[in-house]
Amino acid sequence: DGGITQSPKYLFRKEGQNVTLSCEQNLNHDAMYWYRQDPGQGLRLIYYSQIVNDFQKGDIAEGYSVSREKKESFPLTVTSAQKNPTAFYLCASSWGEIHPYFTGELFFGEGSRLTVL
Amino acid sequence: ILNVEQSPQSLHVQEGDSTNFTCSFPSSNFYALHWYRWETAKSPEALFVMTLNGDEKKKGRISATLNTKEGYSYLYIKGSQPEDSATYLCASPQGGSEKLVFGKGTKLTVNP
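The structure reproduced in this document is the subject of the present report.

Membership of the largest hydrophobic core comes to 24 residues, with the highest contact counts inside it found for Phe21, Leu33, Trp35, Phe48, Leu75, Tyr88 and Leu108 of chain B. Ignoring sequence-local partners within four residues, the contact set of Phe48 of chain B consists of Leu33, His34, Trp35, Lys57, Lys58, Lys59, Ile62, Ser63, Ala64 and Leu75 of chain B. The next biggest cluster of nonpolar side chains, apart from the first, holds 20 residues, and it includes Ile46, Val66, Val78 and Leu114 of chain A.

Structure representation (structure tokens):
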């Protein structure tokens, strides 16, 4: 079945550690996104990538890093510089050039919950 | 940053009731309006992507309307069922950019 797979579902991290969240898609989508959800807030964009080997900062990129070496994969690293990393993280993908300006929908993974101890 | 607002924040209805909620967004530089349903422990799923003023879309008992001139969209659920319980998100791209901005969502609970 086509879709987006995020792993792990739950992750615990000690302060000062970097952790990497995995996001893999087999939908052949060009664009991929990372969002963060906090209680009482809308989804906020961390990073996005429209094409392999290129990515852009979203609204809350500080303390995060990404790579896009393959079309299928867009891992997110939460670094020790992220002041408040405990949150729920959602990865998404969409057709990029075929549906510009978001006239096509996003497809989401089931999310990863990160807790800093 | 574009402001996408949803109301109400939460809603409790009885099975069989019809309900509706609102998404408002800036009417200038409009490109698209998305509605997603997000059930607990699942991934958000797209309900509608709307682009034309006056557009109305329907999927089963759920329908949505769009007014781009005044900057709002309504989502209607007819004859709510317990399985409709979810958080409903709306989103709009920020002024021709590559960023989709989400509202905080409306959490719907349908009591049997």
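On to the sheet that holds strand E7 (residues 62–67) of chain B. Residues and elements named next belong to chain B. The strand order across the open sheet built from 5 strands is E1-E3-E8-E7-E6, with neighbouring strands paired in antiparallel fashion. Looking along the sheet, the strands with just one partner apiece sit at the ends: strand E1 (5–7) and strand E6 (56–59). Across this sheet, the average inter-strand angle for adjacent strands is 15 degrees, counted without regard to direction.

Attention shifts here to the interface of chain A and chain B. The interface is formed by 24 residues belonging to chain A together with 23 residues belonging to chain B. Between chain A and chain B lies a buried interface of about 1900 Å² when both sides are counted; carbon and sulfur atoms form 65% of it. Inspection of the chain A/chain B interface yields 1 salt bridge. Here Lys99 of chain B makes a salt bridge to Asp59 of chain A, at a shortest N to O gap of 3.4 Å. Taken together, chain A and chain B are joined by 3 residue pairs in polar contact (both at pLDDT 80 or more).

By the element assignment, Gln50 of chain A lies in strand E5 (residues 44–51). Look at Gln50 of chain A and you get partly exposed, because its relative accessible area is 22%. The spatial distance from the C-alpha of Gln50 of chain A to the C-alpha of Tyr33 of chain A is 8.7 Å, given a sequence separation of 17 residues. If near-sequence neighbours (up to four positions away) are discounted, Gln50 of chain A is found in contact with Asp30, Ala31, Tyr33, Arg68 and Gly96 of chain A together with Glu98 of chain B.

Reading the values: the criteria
Each residue is numbered by its place in its chain's sequence as written, counting from 1. To label them, take the chains in the order written and letter them from A, then take the ligands in the order written and number them from 1. Per-residue local features of the predicted model are confined to residues with pLDDT of at least 70, and side-chain atom pairs are confined, for both listing and counting, to 80 or more; whole-chain, interface and lining totals are unaffected and use all residues. Side-chain numbers here rest on the full set of heavy atoms in the structure, without hydrogens or water. Within this scheme, the nonpolar core is defined by two criteria: the residues are buried Ala, Val, Leu, Ile, Met, Phe, Trp, Tyr or Cys, and they are joined through side-chain atoms within 4.5 Å. Only protein chains enter the accessibility calculation, which uses a 1.4 Å probe; a residue whose area is less than 20% of its type maximum is buried, one above 50% is exposed, and one in between is partly exposed. Contacts: residue pairs with any heavy atoms within 4.5 Å of one another. The pairing criterion for strands is at least two bridges between them, as found by DSSP. Numbering of helices and strands starts at the N terminus; helices are DSSP runs of H or I of at least 4 residues and strands are runs of E of at least 2. The axes used here are C-alpha line fits, helices contributing only the stretch in contact, and every angle between their N-to-C directions lies in the interval 0 to 180 degrees. Joining two parts hides part of their accessible area as seen by a 1.4 Å probe, and the buried area is that hidden amount summed over both. Salt bridge criterion: a side-chain nitrogen from Lys or Arg within 4 Å of a carboxyl oxygen from Asp or Glu. Here a polar contact is recorded for every N or O atom pair within 3.5 Å, except that within protein the pair must consist of a potential hydrogen donor and a potential acceptor, and residues adjacent in sequence are included only if both atoms are side-chain atoms.

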